[in-house]
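Residue-level listing of the chains:
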Amino acid sequence: MTADALGLVAHVTPEQFEQWRSIGLRLDRQGRFWHQDGLVEHRRLQLALLRWLARRDDGRYIVRLDESRYAYVDVEDAPLRVVSFRVEHDAPIIRLDDESEEHLASASLTTPDGAQIYARVRGGTLWARFLSGAQQTLAEHLRGEHDQFALVIGPQAWPIRSGEVA
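Residues numbered from 1 in each chain as written. Predicted model: local features only at pLDDT ≥ 70, side-chain atom pairs only at ≥ 80, totals over all residues. Heavy atoms only, no water.

> Would you mind going over the overall build of the chain with me for this structure?
When helices and strands are tallied, the chain shows 4 helices and 16 strands. Its C-alpha atoms give the chain a radius of gyration of 19 Å, more than 25% over the compact-globule value 15 Å for 166 residues. Based on the C-alpha atoms only, the size of the chain along its principal axes is roughly 65 × 30 × 30 Å. Residues counted as buried form 39% of the 166 residues belonging to the chain. Counted over contacts in the chain with a minimum sequence separation of 6, partners at least 24 positions apart contribute 48%. Entry remark: accessible area of the chain is about 10,100 Å², with carbon and sulfur atoms responsible for 51%. The averaged location of the 25 negative side-chain charges in the chain is 2 Å from the averaged location of its 20 positive side-chain charges. (Helix = DSSP H or I, 4+ residues; strand = E, 2+ residues; numbered from the N terminus. Rg over C-alpha atoms; globule rule 2.2 N^0.38 Å. Buried < 20%, exposed > 50% of the residue type's maximum accessible area, 1.4 Å probe, protein only. Contact = heavy atoms within 4.5 Å. Areas by Shrake-Rupley, 256 points an atom, 1.4 Å probe, with all protein chains shown as cover. Lys, Arg positive; Asp, Glu negative; His and termini not counted. Charge placed at Lys NZ, Arg CZ, Asp CG, Glu CD.)

> What should I look at first to understand the sheet that holds strand 15 (residues 156–159) in this one?
Sheets are built from strands that pair by backbone hydrogen bonding, the pairs being arranged parallel or antiparallel. Here 3 strands make up an open sheet; going across it, the order is 13-14-15 and the pairing antiparallel. The outermost strands of the open sheet, each flanked by one partner alone, are strand 13 (142–145) and strand 15. Recorded for the sheet is a direction-independent mean angle of 25° between the axes of neighbouring strands. In this sheet, strand 15 lies alongside strand 14 (residues 148–153) in antiparallel orientation, the contact comprising 4 bridges. Bridge pairing links Leu151 to Trp158 in strand 15. (Pairing = 2+ DSSP bridges. Axes fitted to C-alpha atoms, helices over the stretch in contact; angles between N-to-C directions.)

> Looking at this model, I keep getting lost on the environment of Gln19. Mind explaining?
Inspection of the secondary structure assignment puts Gln19 in helix 2 (residues 14–20). Gln19 sits in the exposed class, given a relative accessible area of 59%. Taking C-alpha positions, Gln19 is 44 Å from Leu151, a pair spaced 132 residues apart along the chain.

Interpretation in functional terms is not warranted from these geometric data alone.
Given below as structure tokens:
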């Protein structure tokens with residue numbers, strides 16, 4: 001970094017630096033990133049942005065490169081989507097739209113509207129919304145009636161809670 005650049009950074013206030021983190025990045029309900037008014041179309045960049053998604057302690061979503069380098073992102077719904085669901089050896093496994101797989105946090109299953117199912121992912125730090133195909137496969141393992149359903153796999157049963165996802 002040049003001496004001139006170092007001098008510029010030294011005169012930036014914390015408020016100005018915080019404003020620079022707002023770069024006009026938005027994640028829509030379908031999982032598409034938009035930068036200002038343009039759709040982010042490069043597949044590898046989309047995947048990278050999904051993998052960098054995190055949530056600050058204050059509740060704001062960010063794409064994080066490391067502890068000091070991140071930018072804010074506006075998220076219209078859940079930050080991730082569950083694209084597939086399967087059971088292996090009585091363990092529920094989900095695949096997310098960032099192409100990662102993890103064990104389903106079954107106790108976190110929630111439905112805010114009685115129809116769409118959400119679950120906590122990445123160690124409980126983010127929400128993911130089940131897409132229709134994954135939710136249909138999950139439904140094969142649901143037991144109950146009316147609005148009282150539970151995911152049942154082998155001897156285990158986890159109730160699906162109603163409530164907000166925030």
